[in-house]
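Fold and geometry: a report
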Amino acid sequence: MQFDVQPSGGMVDAESRAASLAAPGFGRIFTDHMITARWREDSGWHDARLEPYAPLVMDPASAVLHYSQSAFEGLKAYRQPDGGVALFRPERNARRLADSCRRLALPELPVEDFVAACEMLTRTDVEWVPDTEGASLYLRPLIIADEVGLMVRPSASVRFLLIASPAGSYFSGPLRPISLWLTQEYVRAVPGGTGAAKCGGNYAASLVAQREAMDHGCDQVVFVDGVEHRWVDELAGSNICFVLDDGTLVTPELTGAILPGVTRDAILTLARDAGRKVEERRVDVDEWREGVRSGRITEVFACGTAAVITPIGTLKWAGGEVTAGDGSPGPVTTELRQALIDLQYGRADDPYGWRHPVG
Ligand SMILES: *Cc1c(COP(=O)(O)O)cnc(C)c1O
């Protein structure tokens, strides 16, 4: 893809940008530019451009607005010790977006075009990459069906969009364990559904359960499988890991209903290479409850690009609760988190070639 470059005339001045970067929050403010490209059944991908960040003009009968034919991604650019910037495994996100697109009957964007778009936007808006500890530039690629008409069928017209947003830590404040609500009424995904695809519909389906979690005083909801209602799947937007008393790391195996996280994969690799035993298998919610009570499970944490690694303390359900740990992040959680962020922020060797410098 060749990008037509149209720099922004109305760029935010350095002073307001510095003010925004001082406390960016998550997903609230956006950089000066965005990337757009179009696809048509007859002509393929075309009309790629880097342009000023601006609202879209869309026909109200566009397919995505009605039938949710869309897929998205999330990855980050990290400030490096030498002042440069690196993306983390962008090809993984490119391939996952292609997988999501296949599931949603959307056209695939070639991996090299996805990566080139991420590089170009990051390079153009590099002043927006924070240099404060734990902060980063969050990139949000998106593919939406924009064929006009209410017929239900795969759209013959699609748009690719890429926007960027400076991000502080996803969960604000010091690293404290979060609490989870085990929903027994709602499921996020079922085998054969869209659980392994990163799509807005999955998030829409999770919101009522997330609200139920908050009504019960919990930070996030955790979902079990949609068939037997007993195997732990994941949170609405992050994967989950358990640490056993012998140091083993356990995470639910990818069943097709669980989103294959890039962070999940990185942590499993880092843990294995540090000599830790790693198990990908089904985890019964009773194993969690009883394991925490007996001491067999010593730590639980959530992982994802936005969440990084976040310790999980309390699991609450209708009728009871258990709390892993003593209210502070456990040693294995802390060790894996440090290894991951040292790699992302260029403070550790990168034997896997995961850092993707944006020159
Ligand atoms: C994005 C996402 C994750 C985490 O994936 P990462 O690649 O690690 O960011 C986990 N679960 C769901 C449902 C997600 O959408």
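Note that this is a predicted model, so its numbers are computed, not measured.

1. Structural notes on the pairing of strand β15 (residues 297–304)
Counted residue by residue, β15 has seven buried out of eight residues, so it is predominantly covered. Relative to β15, strand β12 (residues 239–244) is paired through six bridges, and the arrangement is antiparallel. When the bridges of β15 are listed, F242 appears paired with V300. Across four bridges, the pairing between β15 and strand β16 (residues 308–317) is antiparallel. In the strand pairing of β16, F301 is matched with P311.

2. Details of the state of the cysteines
The term disulfide refers to a covalent linkage connecting the sulfur atoms of a pair of cysteines. Following the criterion strictly, the structure yields zero disulfides and no others. Its sulfur unpaired, C199 is 10 Å from the next cysteine sulfur, which belongs to C101.

3. A closer look at the nonpolar core
Ranked by size, the top nonpolar core spans 39 residues in total, and within it I35, I143 and F160 carry the most contacts. Going through the elements one at a time, β2 (33–40), β3 (44–52), β5 (75–79), β6 (85–88), α3 (90–103), α4 (111–124), β7 (136–145) and β8 (157–167) are the ones with two or more residues in this core. Looking at this core element by element, the count peaks at six residues for α4. Leave out the neighbours within four places in its chain, and F160 touches I35, T36, A37, W45, L109, A117, P141, L142 and I143.

Calculation criteria
- Residues numbered from 1 in each chain as written.
- Predicted model: local features only at pLDDT ≥ 70, side-chain atom pairs only at ≥ 80, totals over all residues.
- Heavy atoms only, no water.
- Buried < 20%, exposed > 50% of the residue type's maximum accessible area, 1.4 Å probe, protein only.
- Helix = DSSP H or I, 4+ residues; strand = E, 2+ residues; numbered from the N terminus.
- Pairing = 2+ DSSP bridges.
- Disulfide = S-S within 2.5 Å.
- Core = buried A, V, L, I, M, F, W, Y, C linked by side-chain atoms within 4.5 Å.
- Contact = heavy atoms within 4.5 Å.

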